[in-house]
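So the chains spell out like this:
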Amino acid sequence: QVQLVESGGGLVQAGGSLRLSCAASGNIASIITMGWYRQAPGKQRELVARITSGGNINYAESVKGRFTISRDNAKNTVYLQMNSLKPEDTAVYYCNAAIISRVLGADNYWGRGTQVTVSS
């Protein structure tokens, strides 16, 4: 019914940049929030950044000033521009969205994840 598809992960050296994209598709009535979480090996999944339909944004303290989240409501797409990457940013990054489907109502959706690896 509703899918989130991420792209843009990869391998980059410390100090480099990557841009992640996540597109939502399906029988969507509206999208409330879109955001990014990450999970490093042996650690819990954590919020990286989140943006509401109205443009309110939250960032994890560890990425403030380095990462920028943005959203294209017309395309149901959220982006994460990651600059000044550090080895500790290495993780699987998951797209997340709170979506109201025309069929199923409100629910929380996850993408399959995209690997980001930052080498020192």
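Located above this text is the structure these notes cover.
Residues numbered from 1 in each chain as written. Predicted model: local features only at pLDDT ≥ 70, side-chain atom pairs only at ≥ 80, totals over all residues. Heavy atoms only, no water.

Draft legend 1. Quick peek at the nonpolar core. Counting 31 residues, the largest nonpolar core has Trp-36, Leu-80, Met-82, Tyr-93 and Ile-99 as the members making the most contacts within it. For this core, the secondary structure elements donating two or more residues are β1 (2–7), β3 (18–26), β4 (28–39), β5 (46–52), β7 (67–72), β8 (77–82), β9 (91–101) and β11 (114–119). Residue contributions to this core peak at five residues, all from β9. Setting aside chain neighbours within four positions, we find Met-82 in contact with Gly-16, Ser-17, Leu-18, Leu-20, Arg-66, Phe-67, Tyr-93 and Val-116. (Core = buried A, V, L, I, M, F, W, Y, C linked by side-chain atoms within 4.5 Å. Buried < 20%, exposed > 50% of the residue type's maximum accessible area, 1.4 Å probe, protein only. Helix = DSSP H or I, 4+ residues; strand = E, 2+ residues; numbered from the N terminus. Contact = heavy atoms within 4.5 Å.)

Draft legend 2. Structural context of the state of the cysteines. If you walk through the whole model with that rule in mind, you get one disulfide. One disulfide in the model links Cys-22 with Cys-95; its S-S distance is 2.0 Å. Here the disulfide of Cys-22 and Cys-95 is left-handed, its torsion about the S-S bond being about -80 degrees. A residue pair is termed long-range when its members are at least 10 positions apart, and Cys-22 in strand β3 and Cys-95 in strand β9 qualify at 73 residues. (Disulfide = S-S within 2.5 Å.)

Draft legend 3. Summary view of the side chain of Arg-66. With respect to the helices, strands and loops of the structure, Arg-66 is situated in the loop between β6 (57–59) and β7. Excluding its chain neighbours within four sequence positions, the residues that come into contact with Arg-66 are Gln-81, Met-82, Asn-83, Ser-84, Leu-85, Lys-86 and Asp-89.

Draft legend 4. Inspection of the pattern of salt bridges at higher detail. As enumerated under the stated definition, the model contains four salt bridges in all. Of the charged contacts, one joins Arg-38 and Glu-46 as a salt bridge, the two residues approaching to 2.7 Å between their closest N and O atoms. Among the salt bridges present, the one from Asp-89 reaches Arg-38, with a minimum N-O distance of 2.9 Å. Residue Asp-89 is found in the loop between β8 and β9, and its partner Arg-38 is found in strand β4; the two are separated by 51 residues along the sequence. For Asp-89, a relative accessible area of 1% puts it in the buried group. (Salt bridge = Lys/Arg side-chain N within 4 Å of Asp/Glu carboxyl O.)

Draft legend 5. Broad picture of the sheet that holds β7. Sheet architecture is open: four strands sit in the order β1-β3-β8-β7, paired in antiparallel fashion. Two strands bound the open sheet, and with one partner strand each, they are β1 and β7. Adjacent strand axes in the sheet meet at a mean angle of 15 degrees, parallel and antiparallel pairs treated alike. By the bridge criterion, six bridges tie β3 to β8 in an arrangement that is antiparallel. Pairing of Leu-18 across the sheet is with Met-82, part of β8. (Pairing = 2+ DSSP bridges. Axes fitted to C-alpha atoms, helices over the stretch in contact; angles between N-to-C directions.)

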